[in-house]
Amino acid sequence: MNTLHSIAQLRAAIARAREDGKRIGLVPTMGNLHAGHIALVEKALQRTDYVVVSIFVNPLQFGPTEDLESYPRTLAEDQSKLLDAGAHLIFAPNVAEMYPGGMEGHARVSVPVVSEGLCGASRPGHFEGVATVVSKLLNIAQPDLAVFGQKDYQQLAVIRKMAYDLCLPVQIMGEPTVRAADGLALSSRNGYLSTEERRIAPTLYRTLKQIAEQVQNGRHDYVKVMEEARLALVQAGMQPDYLDLRDALTLQPATPETREMVALAAAFVGKTRLIDNLCFKVN
Ligand code: PAF
């Protein structure tokens, strides 16, 4: 399994795989891989013949006060995990390869409406950075299938809408969140947590489950349900950023008529911002 750093090399390798009649899968990541990423690779391996994993910490999607500098870069460990998983190729460009003329005047891809609110409200420009880099990666690799985690629920919705609106010839697939035994969603940012913060962190998922339970039991006073959930997070020692109940398909605010819902949350544990979500049906 090779690691390539240039777009030209990647295109040549993918062209060879295509000549051999292979279907191409792409798993875009920022590295520091955990079991959640490996599940995405496994899905791509089931559905395609030649799986490329990109590892690129994309500066365009980080705000000025965010953790771009400290974001874990662990290429050697990632390479060994991907070799074990059976990936075929790693694409690990540097910033100059992806943004040769710098980022300031670089073309941007923005996906209005679905990028607004939730993480889009707390992280201005984040989804524009994600949509821009993902559209570049899709153009570079031209995969048949690209696989993303459902933990980043709004991100997946943004990417799906972008691919649909721009008629990108790729299937976008979302894979369920992989969790630790205590329910905490696996995330590269979990590595920032102290022992005490790690103990508190599963409250986020527990709270989402409580919201789902209340709504499935017939509560329609969503504002109150969310206030109670917010209080539960605060009492556990977390600082909620947002808690929201949306239509799982459109991401529009849930109403008592909504049948497929998603509860979404972002909260700080100490300095670490965690996100999670839970989809559920209401009869
Ligand atoms: O989810 C991530 O790791 C990143 O946002 C992505 C999709 C690789 C784009 O940089």
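Residues numbered from 1 in each chain as written. Predicted model: local features only at pLDDT ≥ 70, side-chain atom pairs only at ≥ 80, totals over all residues. Heavy atoms only, no water.

Draft legend 1. Examining the site of the ligand more closely. In the vicinity of the ligand, the contacting residues are P28, T29, M30, Q61, V133, V134 and Q155. Q61 is positioned such that a nitrogen or oxygen atom in its side chain is 2.6 Å from an oxygen atom of the ligand. Breaking the shell around the ligand down by element, the ones donating at least two residues are strand 2 (24-29) and helix 6 (126-141). For the shell around the ligand, a count of residues per class yields four nonpolar, three polar and no charged. (Near = heavy atom within 4 Å. Polar contact = N/O pair within 3.5 Å; in protein donor to acceptor, adjacent residues only side chain to side chain. Helix = DSSP H or I, 4+ residues; strand = E, 2+ residues; numbered from the N terminus. Nonpolar A, V, L, I, M, F, W, Y, C, P; charged D, E, K, R; others polar.)

Draft legend 2. View of the packing of helix 6 against helix 7 (residues 153-165). It is at 10 Å that the axes of helix 6 and helix 7 come closest, and there the two elements cross at 50°. Compared by their axis directions, helix 6 and helix 7 come out oblique. Judged by the sense of rotation from one axis to the other, the crossing of helix 6 with helix 7 is right-handed. Taken together, the residues of helix 7 that come into contact with helix 6 (itself represented by F127, V130, A131, V134, S135 and L138) are Q154, Q155, V158, I159 and M162. Partitioned by chemical class, the residues of the contact of helix 6 with helix 7 number eight nonpolar, three polar and no charged. (Axes fitted to C-alpha atoms, helices over the stretch in contact; angles between N-to-C directions. Parallel < 35°, antiparallel > 145°, perpendicular 65-115°, else oblique. Left-handed = near helix turned anticlockwise from the far one by under 90°. Contact = heavy atoms within 4.5 Å.)

Draft legend 3. Highlighting unusual backbone geometry. The phi angle at N32 is positive, at roughly 50°, despite the residue not being glycine. Counting through the fold element by element, N32 comes out in the loop between strand 2 and helix 2 (35-47). Residue classification places N32 among the buried residues on the basis of a relative accessible area of 19%. Positioned with a positive phi, L251 is a non-glycine residue whose angle comes to about 65°. Topologically, L251 is positioned in the loop between strand 7 (239-247) and strand 8 (260-269). (Buried < 20%, exposed > 50% of the residue type's maximum accessible area, 1.4 Å probe, protein only.)

Draft legend 4. Fine view of the pairing of strand 9 (residues 272-281). For strand 9, the tally of buried residues reaches eight of ten residues, placing the bulk of the element in the interior. Sheet topology note: the strand 8/strand 9 ladder contains ten bridges and is antiparallel. Across the sheet, residue A266 finds its bridge partner in strand 9, namely I275. Connecting the antiparallel pair strand 8 and strand 9 is a turn made up of two residues, with G270 showing a positive phi of about 60°. (Pairing = 2+ DSSP bridges.)

Draft legend 5. Representation of the pattern of salt bridges in the model. Evaluated as defined, the whole model comprises 14 salt bridges. A salt bridge links R18 to D144, with the shortest nitrogen-to-oxygen separation between them at 3.2 Å. Taken together, the residues R18 in helix 1 (residues 7-19) and D144 in the loop between helix 6 and strand 5 (145-149) connect sequence positions 126 residues apart. You can call R18 partly exposed: its relative accessible area is 34%. Residue classification places D144 among the partly exposed positions, given a relative accessible area of 22%. Taking the shortest distance from any N to any O, the salt bridge between D276 and R179 comes out at 2.8 Å. In this pair, D276 sits in strand 9 while R179 sits in the loop between strand 6 (171-175) and helix 8 (195-200), placing the two residues 97 residues apart along the sequence. The class for D276 is buried, based on a relative accessible area of 4%. For R179, a relative accessible area of 23% corresponds to the partly exposed category. (Salt bridge = Lys/Arg side-chain N within 4 Å of Asp/Glu carboxyl O.)

Draft legend 6. How the structure looks around the UniProt feature "binding site: beta-alanine" (unreviewed entry) in the protein. Feature annotation in UniProt places "binding site: beta-alanine" (unreviewed entry) on Q61, given in this structure's numbering. Turning to its location among the elements, Q61 is positioned in the loop between strand 3 (50-55) and helix 3 (75-85). The class of Q61 is buried, set by a relative accessible area of 8%. In contact with Q61, not counting residues within four places along its chain, are M30, E66, R123, H126, G129, V130 and V133. (UniProt positions renumbered as here; feature names shortened; annotations may be inferred.)

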